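Here are the chains, one letter per residue:
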Amino acid sequence: MAVEFGVLVNNLKCEEVDLTEGRGTSYYGCAHHAGDPGCKVNIERPFQFHTGRSDCTEHDAEFPYKATKEEKHPSAQDAGRKTIEYFQTEFPDLTGRDIVALMGAHTMGQPHIDISQIPYQWTSKGGRMFNNDYYRNIVGEDRWFFKAEPHNQCEKIGNAFGEKPKAQWLAHTRMTSVNGGPVFWIHRNHVCPACQLEEALEGMPLALMDWEKDCCHNKPEGTFCRPDRESADMEDDDLNTGCERMRFISGADEIAINAEMGLYKQFEVDDDGVIYGCRGLEIFNTTMRGTKARTVWSVPPGEYGPYEPECEKQTIQHPAGSGEPLYTIFEEFASNQQNFVRDFIIALEKMSANGYPEGLTLAPDHWTDVSCPLPADRDTP
């Protein structure tokens, strides 16, 4: 049902139907690709839902609602190699393509910091929509910046020349666990201040600072803020300062966990949760093992950062010899939403039938000729 609802919300957002007022937070969000030909999601065939699983047959004597069978979960802190080993052991029928497709469920929802110690969300202002935004994010596509406030706006913020901004991923830890972790990845964009929202932000926690307002007002004609370079085709030689800079979406930051980023980027994590294997990750080996630091960001040795680690792409193939390195599947799904949706359905059905080689009972079709009408605006008489 979550996927069905996510498709509904995504497709309405693609049509730029205003869902922000009167219908609650379930319809909250912004479509990064509204107006693009491939924005809408098309489910080619119904999910084949099966019944008949009976995995948890033994229960606690005192609390009969509790099963005694031990659950086996993958670690969010493991890198790509160990994540694949987990699926190979617990879900032997799943291929690398299936595993990458299942990760696309993270296009919806968010982690809970009180459970995982990982904050924020996978797709900023996109957690109610089912689409391939997750993959576009992971592979580092240029991406519009949506400021968290005001919550009901979808103003696309770009660079000084009005272009869709460059993006990058940083490795980061807030040192909340005893071993200095957990490490996660956080996304940022090379953008101007939210100049077009200056008035709307007044009095809010994320209101523009005086220096940001100066960037917005003292600028060359035809630009969105004062550029830090002479032309759009030049590179910014300082990504961390200036009017154009790499910015986090404060209050709605986009994140990824090691277990998924490790399927696209090649790095390793040791038994203590310390990430290593790329230039820019060396600092974690020294700082995470100490007790003084409060946060750690990826930064090359001898430089001032933070900066994106220089990691190679993940070339693991599963099964070995399949001819599909994992990173290529991420990039395929980022460029072809229909392929992701098709393979997600296949992978979810295979996962649901795991451990039942003799098969399960096919449930009635709950998809065909079923529609979900848009709820009425609660503020309309």
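As a reminder, the structure under discussion sits directly above these lines.
As the structure is a computational prediction, the values presented were derived from the model and not from experiment.

Bringing the overall build of the protein chain into the picture now. A tally of regular secondary structure across the protein chain gives 11 helices and 9 strands. Since a compact globule built from 381 residues should have a radius of gyration of about 21 Å, the 22 Å found for the protein chain is in line with a globular shape. Summarising its shape, the C-alpha atoms of the protein chain cover approximately 70 × 60 × 50 Å along the three principal directions. Residues counted as buried form 47% of the 381 residues belonging to the protein chain. Pairs at least 24 residues apart make up 68% of the contacts formed inside the protein chain by residues separated by at least 6 positions. Accessible surface for the protein chain amounts to roughly 19500 Å². Of this, 51% is attributable to carbon and sulfur atoms. Averaging the positions of the 36 positive and the 62 negative side-chain charges in the protein chain gives two centres separated by 2 Å.

Quick look at empty space enclosed by the protein now. Where empty space is left becomes clear once a probe the size of a water molecule has been rolled over the atoms. Applying the stated criterion to the full structure yields 2 cavities of 30 Å³ or more. As a volume, the largest cavity reaches approximately 60 Å³. Forming the walls of the largest cavity are Asn10, Cys30, Ala31, His32, His33, Gly38, Cys39, Met129, Asn131, Asn132, Asp133 and Gln337. Residue composition of the lining of the largest cavity, grouped by class: 4 nonpolar, 7 polar and 1 charged. Taken together, His32, His33, Arg136, Asn137, Glu141, Asp142, Arg143, Trp144 and Lys164 form the lining of the second largest cavity. Taken together, the residues of the lining of the second largest cavity sort by class into 1 nonpolar, 3 polar and 5 charged.

Looking now at the packing of aromatic side chains. Here the structure, examined in full by the defined rule, presents 15 aromatic pairs. Every member of this aromatic cluster is reached through a ring pair, and the members are Phe130, Tyr134, Tyr135, Tyr264, Phe330, Phe333, Phe340 and Phe344.

With that out of the way, let us pick up the environment of Trp367. Looking at the element boundaries, Trp367 is found in the segment after strand 9 (361-362). Given a relative accessible area of 18%, Trp367 falls into the buried group. Setting aside anything within four residues of it in sequence, one finds Trp367 in contact with Glu4, Ile43, Pro46 and Phe47.

Further remarks concern the packing of helix 3 (residues 96-103) against helix 10 (residues 326-335). Running from N to C, helix 3 and helix 10 point in directions that differ by 45°, and their axes come no closer than 10 Å. If you check the angle between helix 3 and helix 10, you find them oblique. Note that helix 3 runs across helix 10; the crossing there is right-handed. Counted together, Gly96, Arg97, Val100 and Ala101 of helix 3 and Leu326, Ile329, Phe330, Glu332 and Phe333 of helix 10 form the full contact between these two elements.

Moving on, we get to helix 10. Each turn of an α-helix holds 3.6 residues, which means side chains three or four residues apart point in the same direction. Listed in full, the buried residues belonging to helix 10 are Leu326, Ile329, Phe330, Phe333 and Ala334. The buried residues of helix 10 occupy one face: seen down the axis, they fall within an arc of 140°. On its buried side, helix 10 packs onto helix 2 (80-90), helix 3, helix 5 (133-138), helix 8 (258-261) and helix 11 (337-352).

Trp185, Phe267 and Phe284 are the most contacted members of the largest nonpolar core, which totals 59 residues. For Phe267, the contacting residues outside a window of four places in its chain are Ala79, Trp185, Asn258, Met261, Gly262, Ile275, Tyr276, Cys278, Leu281 and Cys311. Ala194, Cys195, Cys215 and Ile249 belong to the second largest nonpolar core, which has 17 residues in total.

Looking now at unusual backbone geometry. The omega torsion of the bond from Glu149 to Pro150 falls at -15°, within 30 degrees of zero and hence cis. Summarising the element assignment, Pro150 is placed in the loop between helix 5 and strand 2 (167-173). Residues Gly181 and Pro182 are joined by a peptide bond in cis, for which omega reads -5°. As for its position among the elements, Pro182 is in the loop between strand 2 and strand 3 (183-191). Positive phi, close to 55°, is recorded for Lys125, a residue that is not glycine.

Parameters and conventions
- Residues numbered from 1 in each chain as written.
- Predicted model: local features only at pLDDT ≥ 70, side-chain atom pairs only at ≥ 80, totals over all residues.
- Heavy atoms only, no water.
- Helix = DSSP H or I, 4+ residues; strand = E, 2+ residues; numbered from the N terminus.
- Rg over C-alpha atoms; globule rule 2.2 N^0.38 Å.
- Buried < 20%, exposed > 50% of the residue type's maximum accessible area, 1.4 Å probe, protein only.
- Contact = heavy atoms within 4.5 Å.
- Areas by Shrake-Rupley, 256 points an atom, 1.4 Å probe, with all protein chains shown as cover.
- Lys, Arg positive; Asp, Glu negative; His and termini not counted.
- Charge placed at Lys NZ, Arg CZ, Asp CG, Glu CD.
- 1 Å grid on protein atoms, 1.4 Å probe; cavity = no way out; pocket = protein on both sides within 12 Å on 5 of 7 lines; lining within 4 Å.
- Points joined across faces, edges and corners; volume = space filled by probe spheres on them.
- Nonpolar A, V, L, I, M, F, W, Y, C, P; charged D, E, K, R; others polar.
- Phe/Tyr/Trp six-rings, centres within 6.5 Å; stacked < 30°, edge-to-face > 60°.
- Axes fitted to C-alpha atoms, helices over the stretch in contact; angles between N-to-C directions.
- Parallel < 35°, antiparallel > 145°, perpendicular 65-115°, else oblique.
- Left-handed = near helix turned anticlockwise from the far one by under 90°.
- Arc of directions from axis to C-beta.
- Core = buried A, V, L, I, M, F, W, Y, C linked by side-chain atoms within 4.5 Å.

Just distances and angles here, no functional claims.
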